[in-house]
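Observations on the three-dimensional arrangement
So the chains spell out like this:
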Amino acid sequence: MEELKQLGTQREDEVEIDLGEIFHLMLSKLWLLILCFIVGATLAFGGTKFLVTPKYSASSILTKTTSVTSLADIQMGSQLTADFEILATSRPVVEEVIEKLDLNYSYEQLVSMIATDNQTDTRILRFTVTDENAKEAKAIANELADATAERVAYVMASDKPKVVEEAVVPQNPSSPNTKKNTLLGGLGLAFVAAAIILIKYLMDDTIMTEEDVKKYLGIHMLAAIPEEKRR
């Protein structure tokens, strides 16, 4: 029984030694991990810059004006805003934008480029258009706001909503995020390299040091103890 306890303690120590060996192994391969990080970051940066087409986002803001005489009027204004959020991507509005700007997009393609944002309990609707062409994104966002305002006034027989902020030409792309992609590329390749190093270490059962001899001798000693002594 005492032998079993000693071997159990020895095997717990071996786990600590193995973890220490793994740490030192990774430390000794630090140069390789850094190299993989640099290579991965460079590939991700190059791929993002030369293979991914940048896209630009432009936003315009529309608001619904109502005569506020009671709480009911405020609630009515908020409900109308939710309604013309749906009208903004309706086929008549989108097709009107395509026709006026002479765009080479189908209805489905243009709708996929449009995002609407109506914050809760407000009468403000933001249109955000994402396009590969910055000037075109701005033009679509502004035309969409105008067309939506016209459609809301016609369908709901109400006052025409006002455009409170027109879109401007975006100076910087909204996607892709070059810094993020570069970092993820470097970390990803470094992680793969670390995983390969660890797997090769765990699968290598070659006896190379005195500690390895002791470890494997301890395992054989445990196997040699009769079954009745283990209980």
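Just so it is clear, the model here is predicted, and its values are computed rather than measured.

Thresholds, definitions, all that
For every chain, the first residue of the written sequence is number 1, and numbering continues from 1 onward in sequence order. The model is predicted, so local features are restricted to residues of pLDDT at least 70 and side-chain atom pairs to those at 80 or more, both for listing and for counting; the totals for chains, interfaces and linings are taken over all residues. Excluded from the side-chain calculation are hydrogens and water; included are all heavy atoms of the structure. Residue exposure (1.4 Å probe, protein chains only): buried if accessible area is under 20% of the type maximum, exposed if over 50%, otherwise partly exposed. Numbering of helices and strands runs from the N terminus, with a helix taken as a DSSP run of H or I at least four residues long and a strand as a DSSP run of E at least two residues long. Strand pairing follows a simple DSSP-based rule, namely that at least 2 bridges must link the two strands. Contacts are residue-level and defined by heavy atoms, with any inter-residue pair within 4.5 Å sufficient. What counts as a salt bridge is simple: a side-chain nitrogen of Lys or Arg found within 4 Å of a carboxyl oxygen of Asp or Glu. By nonpolar core we mean a set of buried residues, namely Ala, Val, Leu, Ile, Met, Phe, Trp, Tyr and Cys, connected to one another through side-chain atoms within 4.5 Å. Lines fitted to the C-alpha atoms define the axes, with helices restricted to the stretch that makes contact. Angles between their N-to-C directions range from 0 to 180 degrees.

Here we come to the pairing of strand 1 (residues 56–63). With 6 of 8 residues buried, strand 1 lies mostly within the body of the structure. Inspection of the sheet shows strand 1 paired to strand 3 (residues 124–131) by 8 bridges, in the antiparallel sense. Across the sheet, tyrosine 56 pairs through a bridge with aspartate 131, a residue of strand 3. Sheet analysis places strand 1 next to strand 4 (residues 162–165), joined by 3 bridges and oriented antiparallel. Note that in strand 4 the partner of leucine 62 across the bridge is valine 163.

Let us now look at the environment of alanine 88. Tracing the backbone through its elements, the reader meets alanine 88 in the loop between helix 3 (71–87) and helix 4 (91–101). Each C-alpha atom of the pair alanine 88 and alanine 149 lies 8.6 Å from the other, and the pair is 61 residues apart in sequence. Dropping the residues within four chain positions of it, alanine 88 is found in contact with Val93, Val94, Thr116, Phe127, Leu144 and Thr148.

As for its position among the elements, leucine 62 is in strand 1. Leucine 62 sits 64 residues away from arginine 126 along the chain, and the two C-alpha atoms are 6.3 Å apart. For leucine 62, the residues in contact, after removing those within four places along its chain, are Phe84, Arg123, Ile124, Leu125, Phe127, Ala145, Thr148, Ala149, Pro161, Lys162 and Val163.

Our focus in this paragraph is the pattern of salt bridges. Two side chains carrying opposite charge are able to pair once their charged atoms lie near each other. All chains considered together, the criterion is met by 5 salt bridges. The salt bridge partner of glutamate 108 is arginine 91, with a shortest N-O separation of 3.6 Å. With glutamate 108 in helix 5 (residues 107–112) and arginine 91 in helix 4, this pair connects stretches of sequence that are 17 residues apart. With a relative accessible area of 40%, arginine 91 lands in the partly exposed category. Note that glutamate 143 is salt-bridged to lysine 100, the shortest N-O span being 3.7 Å.

Glancing now at the nonpolar core. In this structure, Val97, Leu110, Phe127 and Ile140 are the most contacted members of the largest nonpolar core, which totals 26 residues. Considering each element in turn, this core owes the most residues, 8 residues, to helix 6 (residues 134–156). Sequence-distant contacts of isoleucine 140, that is, excluding residues within four places in its chain, are made with Val97, Leu101, Leu103, Tyr105, Leu110, Met113, Val129 and Asp131. Leu25, Cys36, Ala194 and Ile197 belong to the second-largest nonpolar core, a separate cluster that totals 7 residues.

Bringing the sheet that holds strand 4 into the picture now. Reading across from one edge, 2-3-1-4 is the order of the 4 strands in this open sheet, with antiparallel pairing throughout. A strand with exactly one partner marks an edge of an open sheet, and here the two such strands are strand 2 (114–117) and strand 4. The average undirected angle you get between the axes of adjacent strands in this sheet is 30 degrees. In the sheet, strand 2 pairs with strand 3 via 4 bridges, with the strands oriented antiparallel. By the bridge assignment, threonine 116 is partnered in strand 3 with phenylalanine 127. Its contacts with the sheet put helix 6 on strand 1, strand 2, strand 3 and strand 4, and the angle it makes with strand 1 is roughly 20 degrees.

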